[in-house]
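Examination of the molecular architecture
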Amino acid sequence: MAPKPDSAEAIVLNFVNEQNRPVNSQNAADALQKFNLKKAAVQKALDSLADSGKISFKEYGKQKIYIARQDQFEIPNSEELNLMKEKNSELQKQVEEQKKATNAVEGEIKALQSNLTLEQIHDKEVKLRNEVKEMEDKMVKLRGGVTLVSPEERKAIEKIYSEQISHWKKRKRMFKDLWDAITENSPKNLKEFKEELGFEYDEDVGVSLQSFSDLLQPGKKRTRGQ
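Residues numbered from 1 in each chain as written. Predicted model: local features only at pLDDT ≥ 70, side-chain atom pairs only at ≥ 80, totals over all residues. Heavy atoms only, no water.

Considerations on the overall build of the protein
To keep it simple, the criterion reads: Runs of H or I in DSSP of at least four residues are treated as helices and runs of E of at least two as strands, each being numbered from the N terminus. With C-alpha atoms as the basis for the radius of gyration, the globule rule is written as 2.2 Å multiplied by the number of residues raised to the power 0.38. Here the term buried applies to any residue with accessible area under 20% of the maximum for its type, exposed to any over 50%, and partly exposed to those in between, with areas from a 1.4 Å probe on protein chains only. To measure how exposed things are, a 1.4 Å probe is used in the Shrake-Rupley method; for residues, cover is taken only from the protein chains shown. Just so you know, the count uses Lys and Arg for positive and Asp and Glu for negative, and it drops His and the chain ends. The atoms used to mark charge sites are NZ of Lys, CZ of Arg, CG of Asp and CD of Glu.
Looking only at helices and strands, one finds eight helices and two strands in the protein. Each helix and strand of the protein, ordered N terminal to C terminal, gives the series α-α-α-β-β-α-α-α-α-α. The C-alpha radius of gyration of the protein comes to 44 Å, more than 25% above the 17 Å expected for a compact globule of 226 residues. Taking the principal axes of the C-alpha coordinates as reference, the protein spans close to 120 × 65 × 45 Å. Across the 226 residues that make up the protein, the buried fraction comes to 13%. As presented, the protein carries roughly 19000 Å² of accessible surface, and 54% of it is formed by carbon and sulfur atoms. Where the 40 positive side-chain charges of the protein centre and where its 39 negative ones centre are 6 Å apart.

Structure representation (structure tokens):
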């Protein structure tokens, strides 16, 4: 049911006075949709209020701008304005303090939400106890000399290790061949040249290819010069 013309004017007048800023018919119509007022009814009410002098308006080409009559509002003097500013500043401080208090409460809520429930704590305790038991059983087996790695797993690991050692040897030999070819007739000091290029030998970083190779045959004695 559409509102009566007089009630539509009352609604529009109240809106314009509450806003106390320039508005057009579209602004008003958008804001007053909750009252089931159509744009045409809002426009009619604005024009009627302007004609009767209850609100002011100005025309900018085809656009009409409406505003509340300013003579109906009490204009505060400088002393009142200063009091209002002080009050506003005080309220701003209260708002900031309230924000801090709210943030603190939200932080506590998040902390509580992140804590485990009693049931979750119990489940975690059971899980940890099982893990400890498994580790203890494993330690007992190790102390008793039980081999925990199967022959198949050991063989697979040794194969991968052997392949990596082979790659290492090949790369080391390739580098030596290239280095010897580059430096064969070089007048530069080889140690300084190497440092200049940023090269490092295995020995420079405390690594020995031979020691890693010997791990494949732990019973083999190292020959002299290796």
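Observations concerning a nonpolar patch on the surface
The criterion, for reference: Residues enter patches when they are more than 30% accessible in relative terms and free of salt bridges; like-charged ones are connected within 9 Å and nonpolar ones (Val, Leu, Ile, Met, Phe, Trp, Tyr) within 5 Å. The term salt bridge refers to a side-chain nitrogen of Lys or Arg lying within 4 Å of a carboxyl oxygen of Asp or Glu.
On the surface, Phe175, Leu197, Phe199 and Tyr201 cluster together into a nonpolar patch covering about 320 Å² of accessible area. Secondary-structure assignment places Phe199 in the loop between helix H7 (190-197) and helix H8 (209-214).

Describing the pairing of strand E2 (residues 63-68)
Heads up, the rule is: Pairs of strands are assigned from DSSP output, requiring at least two bridges between the strands.
Pairing between strand E1 (residues 55-60) and E2: six bridges, direction antiparallel. Each residue of the ladder has a partner; that of Ser56, found in E2, is Ile67. Two successive antiparallel strands, E1 and E2, enclose a turn made up of two residues, where Gly61 displays a positive phi of approximately 70 degrees.

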